[in-house]
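Structure assessment
Spelled out, the chains give:
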Amino acid sequence: MTAAGKPAAPLASVAEREDRLFERWRVASAARVTRALERKFARLRAGAAPEIVRLLDAMEWTLLGGGKRLRPLLALAAAHAVCGDERLGMPGALAVELLHTYSLVHDDLPDMDNDSVRRGRPAVHARFGPALGILAGDALQSLAFEVLSEGAAPPGTPQGAAAAAGILARAAGPLGMAGGQAEDLAFEGRDPGEEERSQMARRKTGEMIAASLTVGAALGGATRAGLARLRRAGLLAGEAFQIRDDLLNREGDPQVMGKAAGSDERRGKSTLLARLGADGARKRLDLLALKAERLVSPFVSPRLDRMIRALSARSF
Ligand code: IPE
Ligand code: IPE
Ligand code: MG
Ligand code: MG
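Sequence order as written defines residue numbering, which begins from 1 separately in each chain. By the order in which they are written, chains take letters starting at A while ligands take numbers starting at 1. Given that this is a predicted model, residues contribute local features only at a pLDDT of at least 70 and side-chain atom pairs are listed and counted only at 80 or more, while totals for whole chains, interfaces and linings are drawn from all residues. Computation of side-chain values: all heavy atoms of the structure, hydrogens and water removed.

**Some words on the overall build of the chain**
Per the convention used, a helix needs a DSSP run of H or I reaching at least four residues, while a strand needs a run of E reaching at least two, with both numbered from the N terminus. Scanning the chain from N- to C-terminus turns up 14 helices and 2 strands. Per-residue burial for the chain yields a buried fraction of 49% across its 316 residues. In this analysis, two residues are considered to be in contact whenever any of their non-hydrogen atoms come within 4.5 Å of each other. In the chain, of all internal contacts separated by at least 6 residues, the share reaching a separation of at least 24 is 76%. The accessible surface values rely on the Shrake-Rupley method and a 1.4 Å probe; as for residues, cover is taken only from the protein chains in view. Accessible area for the chain stands at about 14600 Å²; split by element, carbon and sulfur atoms hold 56% of it. Side-chain charges of the chain comprise 46 positive and 38 negative groups, with the mean position of each set lying 5 Å from the other. When a residue's accessible area, from a 1.4 Å probe over protein chains only, is under 20% of the maximum for its type it is buried; when over 50% it is exposed; and in between it is partly exposed. Note on charges: Lys and Arg go in the positive column, Asp and Glu in the negative column, and His and the chain ends are not counted at all. A charge is said to be at NZ when it belongs to Lys, at CZ for Arg, at CG for Asp and at CD for Glu.

Structure (structure tokens):
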């Protein structure tokens, strides 16, 4: 019974209600992110010369062509968890999706993974040619910092905005995503140990997941201790996310995923899955996910908890 004398709701229905609320929030927030990106591109297009319009077309192609928007949702959930107002995290949310999309566009290039389908469409280089693929990636990266600097002006906190720019720059840089991508390519056809593969996954994928959380939290005014905890959670959840990606590459349906399957094995990618086997990889994934969930639990945010779980449990 509750204090008001009413019978307490059965536990299952509380969980179901929270699931529905989460789902409603997820869909609405992902749509808000997409609309804000569309508005930005509409402003860039106004009066642009035909050659620039072509570049903008190439930038929009994968950005607005689909995607689960997990990283911006992490940024919004983290901002909400630290200050109760997810709007403060929006500039970080947009920036992280732009950076992530740049990394995908370059990841697919012929001299990288040489994949020709992304988000259910031809990859940018397959549709617009490799030169525009490179330039679209470059310009998406710059646009991330432009959007961050525009949106994080007052009423967002200026200190938060400066910290946010540093977080994103480091996450995408030589000790982060770009470094991990360099390792990923250098490890092709070699046999690095488990620790090196884990390090590579944390850099190429974990750093951007961690930055999604910390950029949102920094804009929401998080403490240093809060940022450090979220960073640790993000690196672990990011490694779990990459292991899931590797499992999906082996077992997933290309139609559902909107990208190729079986390509890691063809290219001799040194994934954790290739080293540990499917059972070992799943065990490692579950352990990482559990640790990440424990790290975020003190924020007492159902939204954040569910987002962290969604990273390791996704099916596409
Ligand atoms: C795919 O990321 C690339 C990796 C880092 C493993 P997502 O699975 O989040 O791709 P989108 O954004 O939904 O297309
Ligand atoms: C993607 O890794 C990592 C980055 C884009 C930084 P993968 O190459 O394994 O991802 P998919 O499978 O192409 O999405
Ligand atoms: Mg790759
Ligand atoms: Mg790839």
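The discussion continues.
**A short note on the coordination of the magnesium ion (ligand 3)**
Note that water is not among the atoms considered, so a metal site may appear incomplete; the donors listed are N, O and S atoms within 2.8 Å of the metal, with 3.2 Å applied to Na, K and Ca. Donor atoms from the polypeptide that bind the magnesium ion (ligand 3) are Asp 107 (OD) and Asp 113 (OD), placed at 2.2 Å. The two metals, the magnesium ion (ligand 3) and the magnesium ion (ligand 4), are separated by 3.1 Å and share Asp 107 as a common coordinating residue. Each of the two residues, Asp 107 as well as Asp 113, counts as buried.

**Side note on the packing of helix H8 (residues 177-186) against helix H9 (residues 194-219)**
Working note: a packed helix pair is described by the angle between its axes plus the distance between those axes. Interaxial angles span 0 to 180 degrees and are taken between N-to-C directions of axes, which are lines fitted to C-alpha atoms, for helices over the stretch in contact. Put simply, H8 and H9 touch, their axes get as near as 7 Å, and they point 145° apart. Where H8 crosses over H9, the handedness of that crossing is left-handed. Residues Met 177, Gly 179, Gly 180, Gln 181, Glu 183 and Asp 184 of H8 form the contact with H9, whose participating residues are Gln 199, Met 200, Arg 203, Lys 204, Glu 207 and Met 208. Taken together, the residues of the contact of H8 with H9 sort by class into 3 nonpolar, 4 polar and 5 charged. Helix crossings are classified by the rotation of the near helix relative to the far one: an anticlockwise turn of less than a right angle makes the crossing left-handed, while a clockwise turn makes it right-handed. Residue polarity follows a fixed list, in which Ala, Val, Leu, Ile, Met, Phe, Trp, Tyr, Cys and Pro are nonpolar, Asp, Glu, Lys and Arg are charged, and the others, Gly among them, are polar.

**Comments concerning the coordination of the magnesium ion (ligand 4)**
For the magnesium ion (ligand 4), every protein donor is listed as Asp 107 (OD) and Asp 113 (OD), and the spread of their distances is 2.1 Å. Residue classification places Asp 113 among the buried residues on the basis of a relative accessible area of 12%.

**Describing the packing of aromatic side chains**
Only centres within 6.5 Å qualify two rings of Phe, Tyr or Trp (six-membered ring in Trp) as a pair; their planes then separate them into stacked at under 30 degrees, edge-to-face at over 60, and tilted for everything else. Per the counting criterion, the structure on display carries 2 aromatic pairs. Aromatic pair Phe 22 and Trp 25: ring centres 5.8 Å apart, planes at 40°, arrangement tilted. Of this pair, Phe 22 and Trp 25 both sit in helix H1 (residues 11-45), 3 residues apart, which is roughly one turn of the helix. Both residues of the pair, Phe 22 and Trp 25, count as buried. For the ring pair Trp 61 and Phe 128, a centre distance of 5.9 Å and an interplane angle of 75° mean the geometry is edge-to-face. A residue pair is termed long-range when its members are at least 10 positions apart, and Trp 61 in helix H2 (residues 50-63) and Phe 128 in helix H5 (residues 124-128) qualify at 67 residues. Grouping residues by exposure puts Trp 61 and Phe 128 together as buried. When the ring centre of Trp 61 is taken as reference, the NZ or CZ atom of Arg 121 above it lies at 4.1 Å. In this scheme, the term charge over a ring applies when either NZ of a lysine or CZ of an arginine sits within 6 Å of the ring centre and within 35 degrees of the ring normal.

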